[in-house]
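What the coordinates show
Below, each chain spelled out in residue letters.
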Amino acid sequence: MTAPRTFRIAGIPADGVGTEVVAAGRAVLDALAADSGAFAFEWQEFPWGCGYYERTGKMMDDDGLEQLKDFDAIYFGAVGWPNVPDHISLWGLRLKICQNFDQWANVRPVHFLPGVQSPLRKADDTELDWVVVRENSEGEYAGLGGRNLGGRGPGGEVAVQSALFTEVGCERIMRFAFDLARTRSRRKVSSVTKSNAQQYGMVLWDDVFKRVALDYPDVETESVLVDAMSAKFVLKPEDLSVVVASNLNADILSDLGSALAGSLGLAASANLNPERRFPSMFEPVHGSAPDIAGQGLANPIGAVGSAALMLEHFGLPEQAARLNKAIETTTAAGILTRDVGGTASTEDVTKALIDALNV
Ligand code: GGG
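Presented here is an overview of the structure given in this document. (Residues numbered from 1 in each chain as written. Predicted model: local features only at pLDDT ≥ 70, side-chain atom pairs only at ≥ 80, totals over all residues. Heavy atoms only, no water.)

Okay, the nonpolar core next. Membership of the largest hydrophobic core comes to 69 residues, with the highest contact counts inside it found for Ile9, Phe41, Val189, Leu311 and Leu323. Two domains share this core, each providing at least three of its residues, namely domain 1 (1–108 + 264–359) and domain 2 (118–261). Every residue in contact with Leu311, bar those within four places of it in the chain, is listed here: Leu29, Leu32, Phe39, Phe41, Leu316, Gln319, Ala320 and Leu323. Grouped together as the second largest cluster of nonpolar side chains are 21 residues, Met59, Phe71, Ile74 and Val84 included. (Core = buried A, V, L, I, M, F, W, Y, C linked by side-chain atoms within 4.5 Å. Buried < 20%, exposed > 50% of the residue type's maximum accessible area, 1.4 Å probe, protein only. Domains from an automatic or database assignment. Contact = heavy atoms within 4.5 Å.)

Right, dumping it as structure tokens:
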């Protein structure tokens, strides 16, 4: 008998409901692995986050990236808590990992689930399913800028926040989006900018998009301004397949997409380093949700869907499909947390997902 293939996973639950959903995801993944007998997970959990910051003044260890770099993947919860300014917690953990590990492709599927009511009436009788591809390394999140002139006294300070667009950064995320479109039934990429107002970086984005599109004549394209795309998400979502956008625009659009699918609690994501020079990171789209944290109310489906994306990354598409099917079986049976209109706890949904693995 061959030994099961073991994947070493770094767990970083971090803050708030992150702890609850990572525990749920681990339980479901371990159940799947035990049942398959073909693979196993070796977990190491890291205590980083806002609680760690309170004790040490740091969101993660100074050599944290060194500690993470040889894992097969990172399974992340959520970052942010009222005791730490949000820009400190985000830059000290999630963005530190994404940027230093060059996880430049953030894949955020917008998936409509049976038994979950969408606020869109159209969703009742229209097949809706699209993916937001977020440029995850530069754009508005390049971290370039500064504050100065505080010496002028109250009201005199200035701040500059610059967005960075490079041809390399634009081209790689666009090729990723086109390659993804080729795997889908609707071969279409929608590129999103605000290039009428932002005439440098986003016009470069548009130029690169036109150039890259020439290499994919079999893929339909459109370029849409972000304001118009927000309206399209609501009014004509059946026309979407792959939506590629800059860091900030895609972050906002993917939250809109998950809300349209019923709840942010359902949305999965993968922060990929496609070259595999570094581990990729899998996390639910939602944040730490301080209002419901610690009460057993968190929806674990975003975290479990992210685990499915991790299995795909490991080259286990059948196992990923099993997880996704378990999610559909659970929601179709009406086992739903409060954010999607149910009364089930995090634990109830986790147990239902494990039971559904073999349905
Ligand atoms: N699991 C996602 C998460 O923790 N998000 C926290 C957050 O505020 N993210 C903002 C961003 O990454 O743009």
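A word on the site of the ligand. What surrounds the ligand is the set Gly77, Ala78, Val79, Leu90, Arg94, Arg134, Tyr141, Asp251, Glu283, Pro284, Val285 and His286. The backbone of Gly77 places a nitrogen or oxygen atom 3.0 Å from a nitrogen atom of the ligand. Within the contact set of the ligand, an oxygen atom lies 2.9 Å away from a backbone nitrogen or oxygen of Val79. When isolated, the ligand has an accessible area of 360 Å², and the protein chains bury 83% of it. Secondary-structure elements contributing two or more residues to the shell around the ligand are strand 3 (73–78), helix 4 (86–100) and strand 12 (280–284). Of the residues contributing to the shell around the ligand, the split by class is six nonpolar, two polar and four charged. Composition of the shell around the ligand by domain shows at least three residues from each of domain 1 (1–108 + 264–359) and domain 2 (118–261). (Near = heavy atom within 4 Å. Polar contact = N/O pair within 3.5 Å; in protein donor to acceptor, adjacent residues only side chain to side chain. Areas by Shrake-Rupley, 256 points an atom, 1.4 Å probe, with all protein chains shown as cover. Helix = DSSP H or I, 4+ residues; strand = E, 2+ residues; numbered from the N terminus. Nonpolar A, V, L, I, M, F, W, Y, C, P; charged D, E, K, R; others polar.)

Bringing the pattern of salt bridges into the picture now. Scanning the model with the defined rule gives 29 salt bridges in all. One salt bridge in this structure joins Arg147 and Glu157, with 2.7 Å as the shortest N-O distance. A residue pair is termed long-range when its members are at least 10 positions apart, and Arg147 in strand 6 (residues 139–148) and Glu157 in the loop between strand 6 and strand 7 (158–164) qualify at 10 residues. Taking relative accessible area as the criterion, Glu157 reaches 39% and is therefore assigned partly exposed. Salt-bridge contacts for Arg175 lead to Asp215; the nearest nitrogen and oxygen are separated by 2.8 Å. With Arg175 in helix 5 (residues 167–181) and Asp215 in the loop between helix 6 (201–213) and strand 9 (220–225), this residue pair connects regions lying 40 residues apart in the sequence. Owing to a relative accessible area of 24%, Arg175 belongs among the partly exposed residues under this scheme. Residue classification places Asp215 among the partly exposed positions, given a relative accessible area of 43%. (Salt bridge = Lys/Arg side-chain N within 4 Å of Asp/Glu carboxyl O.)

On to the side chain of Ser280. Its location among the elements puts Ser280 in strand 12. Here Asn273 takes part through its backbone nitrogen, which lies 3.0 Å from a polar atom of the side chain of Ser280. Here Ser280 is in contact with Ala73, Ile74, Gln103, Asn271, Leu272, Asn273 and His313, once residues within four sequence places are set aside.

Moving on, we come to the pairing of strand 12. When a strand is regular, its side chains alternate between the sheet's two faces. Of all five residues making up strand 12, five are buried, and the element is well covered by its neighbours. In strand 12, alternate side chains face the same way, and those of Ser280, Phe282 and Pro284 on one face and Met281 and Glu283 on the other are all buried. In terms of strand pairing, strand 3 meets strand 12 through three bridges, oriented parallel. By the bridge assignment, Tyr75 is partnered in strand 12 with Phe282. Sheet topology places strand 11 (residues 268–272) next to strand 12; four bridges connect them, and they run antiparallel. Looking across to strand 12, one finds that Ala268 is bridged to Pro284. (Pairing = 2+ DSSP bridges.)

The next subject is the packing of aromatic side chains. What the rule picks out here adds up to 14 aromatic pairs. Ring centres of Phe165 and Trp205 lie 6.3 Å apart, and the angle between their planes is 90 degrees; on these two criteria the pair is classed as edge-to-face. Within this pair, whereas Phe165 is found in the loop between strand 7 and helix 5, its partner Trp205 is found in helix 6, the two being separated by 40 residues in sequence. By relative accessible area, Phe165 is classed as buried at 15%. (Phe/Tyr/Trp six-rings, centres within 6.5 Å; stacked < 30°, edge-to-face > 60°.)

Turning to helix 10 (residues 317–332), a few remarks are in order. Given 3.6 residues per helical turn, the α-helix brings residues three or four places apart onto the same face. Between its first and last C-alpha, helix 10 extends 22 Å over 16 residues, near the 22 Å set by a 1.5 Å rise per residue. Listed as buried for helix 10 are Gln319, Ala320, Leu323, Ala326, Ile327, Thr330 and Thr331. Relative to the axis of helix 10, the buried residues are bounded by an arc of 125 degrees and lie together on one face. Just beyond helix 10, the residue with positive phi is Gly334, at close to 80 degrees. (Expected span 1.5 Å × (residues − 1). Arc of directions from axis to C-beta.)

With that out of the way, let us pick up the side chain of Asn247. Tracing the sequence through the fold places Asn247 in helix 8 (residues 247–261). Since its relative accessible area comes to 1%, Asn247 is described here as buried. Of note is the side chain of Asn247, whose polar atom sits 2.9 Å from the side chain of Arg134. A polar atom in the side chain of Asn247 sits 3.3 Å from the backbone oxygen of Glu138. Not counting residues up to four positions away in its chain, the partners in contact with Asn247 are Arg134, Glu135, Asn136, Ser137, Glu138, Glu140 and Tyr141.

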